[in-house]
Amino acid sequence: MLAGLGAAAIAGPAFAKTKSSPVLTLNPALPPGVLDTAVLDSLPGKKPLIKLTYRPPNYETPLWGLRTALTENDQFFVRYHLSVIPEMEALRNNYTLTVGGDAAGKEVSFTLEDLRRMFKPAEVTAVCQCSGNRRGLFSPHVPGVQWGVGAMGNAVWSGIRLKDVLAKVGVKPGALELGMAGADGPALAATPSFDKSLPIGKAMSDDVILAFAMNHQPIPHYNGFPLRLVVPGWTATYWTKHLTRLDIRTKPVDSFWMQKAYRVPKGMFPVEQPFTSQENEQTAPITEMVVNSLITSHDNGAKAPANGFVVEGVAWDRGRGIRSVEISFDGGVAWVPAQLGKDLGNYSFRPFSLRTGRLAPGRLSIMARATSNSGEMQAEKLKFNPAGYNNNVPLSVSVTLA
Ligand SMILES: Nc1nc2c(c(=O)[nH]1)N[C@H]1C(S)=C(S)[C@@H](COP(=O)(O)O)O[C@H]1N2
Ligand SMILES: [Mo]
């Protein structure tokens, strides 16, 4: 919770219903309950997103919001675990980031002005993707927010390097993890607060940023105003929003959100940098993203002209960058290389497109599959895990050509 804020300063989100919106197509593989209840709805400052839950707010980006390499701030998805989110006024007037912990040289509280003034600017273009993106497409279905394909976005994040701030405070020998906490909190005292951590080595790497800005504008309220952590290549669970507290620690964080949630069977998803201080016999924290792609040009069930049919989309991975994207028109038997678009850096979405000549009219099933620069390819078969993470099986989009 944000220190120094009375309860009166804290309120849940307000909701504005919107009627005039594009037609929403949901993937028929989502659970029936979700197909019945998911609707377009606007949070303050946002265009209509797909509302999955509203307390706490969990809203995903519709396919049309993912057609550009950079996702617009007002279409960027929103995910919260806890329902008490400080209002903009409170965040604006009363904000400090406190850095301390038993392995810190000292404890220091910084205002936003301090952070801007004391540290060198840094910037990265990176995909922010929820670990549970595409959970709703798991077969069999698993509990949790039933995300379709839009629990992700790509943005330019500007701010300062986390490692510069940690170095300023002092990192003692024996530092093991960096604990992170934000200004949002639970409505009930019994609900565990959203305490997360990173291995100290990851926290001290060049790419991890404390961001003030998203696509060169202040970070929107629901995406972590006024400061959020950006951990390129790692799933968004580590990208703490409304960041208020950092602890350089000699001991692992033993919170619910580290030790019980956000975990995968050990060894199921190989990573480059293991998070050993949080592993146990059976499970490891989910960390690096897996290589994936999304066709954004067509909704499932769309109609398109048979002449000059163009497939477009985006691909991304853990930060090695995308080597190739291939398209299949026959359910995954034959694959044709697509053309890669502009390279915005290894942590970014990489656009792809494939232009065809005249195709036979009728129904067509299109799939895309990406391969990263380290040679990893999307999974052929779902790697089932009970929390519904890292779903990167190529999806099939059905299009009728006329
Ligand atoms: N303070 C805070 N930060 C948070 C969370 C949260 O609940 N509270 N959720 C995390 C998770 S799991 C995700 S997927 C991303 C979502 O980022 P977004 O809402 O900006 O899209 O925020 C991360 N940071
Ligand atoms: Mo997430």
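What you see is a predicted model, and the numbers here were worked out from it, not measured in a lab.

Caption draft 1: Examining the side chain of Ser 372 more closely. Mapped onto the elements of the fold, Ser 372 is located in strand S26 (residues 362–372). Engagement of the side chain of Ser 372 in a polar contact is seen with the side chain of Ser 374, the distance being 3.0 Å. With near-sequence residues (within four places) excluded, Ser 372 lies in contact with Val 291, Asp 317, Gly 321, Ile 322 and Arg 323.

Caption draft 2: Structural detail: the site of ligand 1. Near ligand 1, the surroundings consist of 18 residues, among which Phe 77, His 81, Asp 184, Arg 228 and Lys 241 are the closest. Here an oxygen atom of ligand 1 sits 2.8 Å away from a polar atom, N or O, in the side chain of His 81. Within the backbone of Trp 239, one N or O atom sits 3.0 Å away from a nitrogen atom of ligand 1. The protein chains hide 100% of the 530 Å² of surface that ligand 1 would expose on its own. More than half of the atoms belonging to ligand 1 lie within 2 Å of the grid points that define the second largest cavity. Here the residues of the shell around ligand 1 are counted per class, giving ten nonpolar, four polar and four charged.

Caption draft 3: Fine view of empty space enclosed by the protein. Within this structure, the stated rule accounts for three cavities of 30 Å³ or more. Counted as a void, the largest cavity has a volume near 400 Å³. If you trace the largest cavity, you find 26 residues lining it, with Asn 27, Leu 63, Val 149, Leu 294 and Asp 299 closest to the centre. At three residues, the largest contribution of residues to the lining of the largest cavity is made by strand S19 (residues 292–295). Classifying every residue of the lining of the largest cavity gives 15 nonpolar, eight polar and three charged. What the second largest cavity holds in volume is close to 240 Å³. Taken together, 17 residues make up the lining of the second largest cavity; nearest its centre are Arg 79, Arg 228, Ala 236, Trp 239 and Lys 241.

Caption draft 4: Quick look at the pairing of S26. Most of S26 sits inside the fold, with eight of its eleven residues counted as buried. Note: strand S22 (residues 322–328) against S26, six bridges, orientation antiparallel. Counterpart to Val 325 in the pairing with S26 is Ala 370.

Caption draft 5: Highlighting the sheet that holds strand S21 (residues 310–316). Pairing in this open sheet of four strands is antiparallel, and the strands run S19-S21-S25-S24 from one edge to the other. Looking at which strands have only one partner, the edges of the open sheet turn out to be S19 and strand S24 (339–340). Sheet analysis places S21 next to strand S25 (residues 350–355), joined by six bridges and oriented antiparallel. Note on S25: the bridge partner recorded for Val 310 is Arg 355.

Caption draft 6: Region of the structure containing the pattern of salt bridges. Tallied over the entire structure, the rule returns eleven salt bridges. Here Arg 318 ties to Glu 376 by a salt bridge, and the two come within 2.5 Å at their closest N and O atoms. Residue Arg 318 is located in the loop between S21 and S22, and its partner Glu 376 is located in the loop between S26 and strand S27 (396–401); the two are separated by 58 residues in the primary sequence. Here Glu 376 falls in the partly exposed class, since its relative accessible area comes to 28%. Among the salt bridges present, the one from Arg 369 reaches Glu 326, with a minimum N-O distance of 3.0 Å. Note that Arg 369 is positioned in strand S26 and Glu 326 in strand S22, a separation of 43 residues in sequence. Exposure remark for Arg 369: the relative accessible area of 16% places this residue in the buried category. Sharing partners across several salt bridges, the network here consists of Glu 107, Arg 245 and Asp 247.

Caption draft 7: Structural detail: the layout of surface pockets. The space that makes up the largest pocket amounts to roughly 350 Å³. For the lining of the largest pocket, the secondary structure elements donating two or more residues are helix H6 (256–259) and strand S17 (263–265). Tallying contributions element by element places S17 first for the lining of the largest pocket, with three residues. For the lining of the largest pocket, the domains that each give at least three residues are domain 1 (85–285) and domain 2 (292–401).

About the criteria used
- Residues numbered from 1 in each chain as written.
- Chains lettered and ligands numbered in written order.
- Predicted model: local features only at pLDDT ≥ 70, side-chain atom pairs only at ≥ 80, totals over all residues.
- Heavy atoms only, no water.
- Helix = DSSP H or I, 4+ residues; strand = E, 2+ residues; numbered from the N terminus.
- Polar contact = N/O pair within 3.5 Å; in protein donor to acceptor, adjacent residues only side chain to side chain.
- Contact = heavy atoms within 4.5 Å.
- Near = heavy atom within 4 Å.
- Areas by Shrake-Rupley, 256 points an atom, 1.4 Å probe, with all protein chains shown as cover.
- 1 Å grid on protein atoms, 1.4 Å probe; cavity = no way out; pocket = protein on both sides within 12 Å on 5 of 7 lines; lining within 4 Å.
- Sits in = over half its atoms within 2 Å of the grid points.
- Nonpolar A, V, L, I, M, F, W, Y, C, P; charged D, E, K, R; others polar.
- Points joined across faces, edges and corners; volume = space filled by probe spheres on them.
- Buried < 20%, exposed > 50% of the residue type's maximum accessible area, 1.4 Å probe, protein only.
- Pairing = 2+ DSSP bridges.
- Salt bridge = Lys/Arg side-chain N within 4 Å of Asp/Glu carboxyl O.
- Domains from an automatic or database assignment.

Purely geometric stuff here, so don't read any function into it on its own.
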